[in-house]
Number of protein chains: 2
Amino acid sequence: MPFFPTSFEELIDRFASLPGIGRKSAQRLAFHVLALPEGEAEAFAETILRARRTVHTCPVCQNLTDGEICAVCADDRRDKSVICVVAEARDVASLERSREYNGVYHVLHGVLSPMSHVGPDDIRISELVKRVAGGDVHEVIMATNPDTEGDATAMYIARLLKPFDVRVTRLAYGIPVGSNLEFTDDATLVRALEGRREM
Amino acid sequence: MPFFPTSFEELIDRFASLPGIGRKSAQRLAFHVLALPEGEAEAFAETILRARRTVHTCPVCQNLTDGEICAVCADDRRDKSVICVVAEARDVASLERSREYNGVYHVLHGVLSPMSHVGPDDIRISELVKRVAGGDVHEVIMATNPDTEGDATAMYIARLLKPFDVRVTRLAYGIPVGSNLEFTDDATLVRALEGRREM
């Protein structure tokens, strides 16, 4: 038996369907939305609709944009000959935050995952190959996560790009800055050893 | 500098404005909403609007309802002579879940809190006094939380109801069922001792 009005139970259900939101949190969020000042809840709903209406993927790099092409691709100061390949749009935000990278991106929108039935045609790999085949690209940096699926995806794409005259690199993985050997997990230590450099 | 399209940043901001949702979670939720199947995001927005449009407080007990009066007040089998006073609508749901209580409710929508500038006129106390003054009420059970503000609110209301021919009681507070003495905090133990009963 529901203890709340139907439309309120539905609101709780909606919040509970979001990732990482349990039943109790969903209830708290629903109460919060109901108690918002006049117009605020309507603005919330409108924000959802507007984001859905205006946000799409950039035809060049597949990153999220509300313009014709994304801000990075549209920027003349960015080096179009270097492409950094990431799994998700949020990874672009992380790399941009570092203010170190001046090339452009390619967002795959996923990684290869046989377990989840995600194959090469389910992510934006062919779009990347087309960009590289178009010429003028000197380096492709694979920046997928250093886990099984991220590594496999990077390897797969590196092999696909072999026929083209392009340098394919992978982000360095090792001990994070500020960390120490004692608390570094084995897998990271293996990467750190493999990636050791001349001093 | 924002790393996402404006309308997407706005969606993140909206989610981040909800209680208990940090920046990272808000970003994850926004990505989730953007990736929802066709029509689902629209349904989410519509659910917010519908809940705001249809849900209001019951004119009798101040509980949430989308009908003329709430389901409990409308139920002929409920004992209208017993009123259980709770701070929030969610507390009604908790008590209903126990399937033990057969009276009706009164939702205060808050507790007295001088620190937060919440006085008697800011919560639904006068509506309760009117109900009791209307007669036919034999017992008022104070079920506000057993904390400073909940206790103070219960005391305040009990004093207001003194002039009327009505029994005012307070929920029993003590060691929770299934718990044990060793792990019971001092405040609860004090309550358990104060509330001890003849065997």
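Only a predicted model underlies this, so the values are computations on that prediction, with no experimental measurement involved. (Residues numbered from 1 in each chain as written. Chains lettered and ligands numbered in written order. Predicted model: local features only at pLDDT ≥ 70, side-chain atom pairs only at ≥ 80, totals over all residues. Heavy atoms only, no water.)

A. Up close: the sheet that holds strand E3 (residues 79-86) of chain A. Residues and elements named next belong to chain A. If you walk across this open sheet you meet the 4 strands as E4-E3-E5-E6, and the pairing is parallel. Of all strands in the sheet, those with a lone pairing partner are strand E4 (103-107) and strand E6 (167-170), marking the two edges. Averaged over all neighbouring strand pairs, the angle between strand axes comes to 25°, with direction disregarded. Pairing of strand E5 (residues 139-142) with E6, which is carried by 4 bridges, proceeds in the parallel orientation. Looking across to E6, one finds that Val 140 is bridged to Val 168. On top of the sheet, helix H5 (residues 89-97) reaches E3 and E4; it is set at about 160° to E4, its chief contact. Along the sheet face, helix H6 (residues 125-133) touches E3, E4 and E5 and points at about 150° away from the line of E4. (Pairing = 2+ DSSP bridges. Helix = DSSP H or I, 4+ residues; strand = E, 2+ residues; numbered from the N terminus. Axes fitted to C-alpha atoms, helices over the stretch in contact; angles between N-to-C directions. Contact = heavy atoms within 4.5 Å.)

B. Expanded view of the domain arrangement of chain A. Domains assigned within chain A are domain 1 (6-54) and domain 2 (69-170). Each of domain 1 of chain A and domain 2 of chain A has a C-alpha centre, and these two points are 35 Å apart. (Domains from an automatic or database assignment.)

C. Fine view of the side chain of Thr188(A). Residue position: Thr188(A) is located in helix H8 (residues 186-194). We classify Thr188(A) as buried; its relative accessible area is 18%. (Buried < 20%, exposed > 50% of the residue type's maximum accessible area, 1.4 Å probe, protein only.)

D. Geometry of the sheet that holds strand E4 (residues 103-107) of chain B. All names here are of chain B. Strand order in this open sheet of 4 strands is E4-E3-E5-E6, and the pairing throughout is parallel. Strands with a single pairing partner mark the edges of an open sheet, and in this sheet they are E4 and strand E6 (167-170). Ignoring strand direction, the axes of neighbouring strands in this sheet form an average angle of 25°. Helix-sheet contacts for helix H5 (residues 89-97) involve strand E3 (79-86) and E4, and the interaxial angle to E4 is about 160°.

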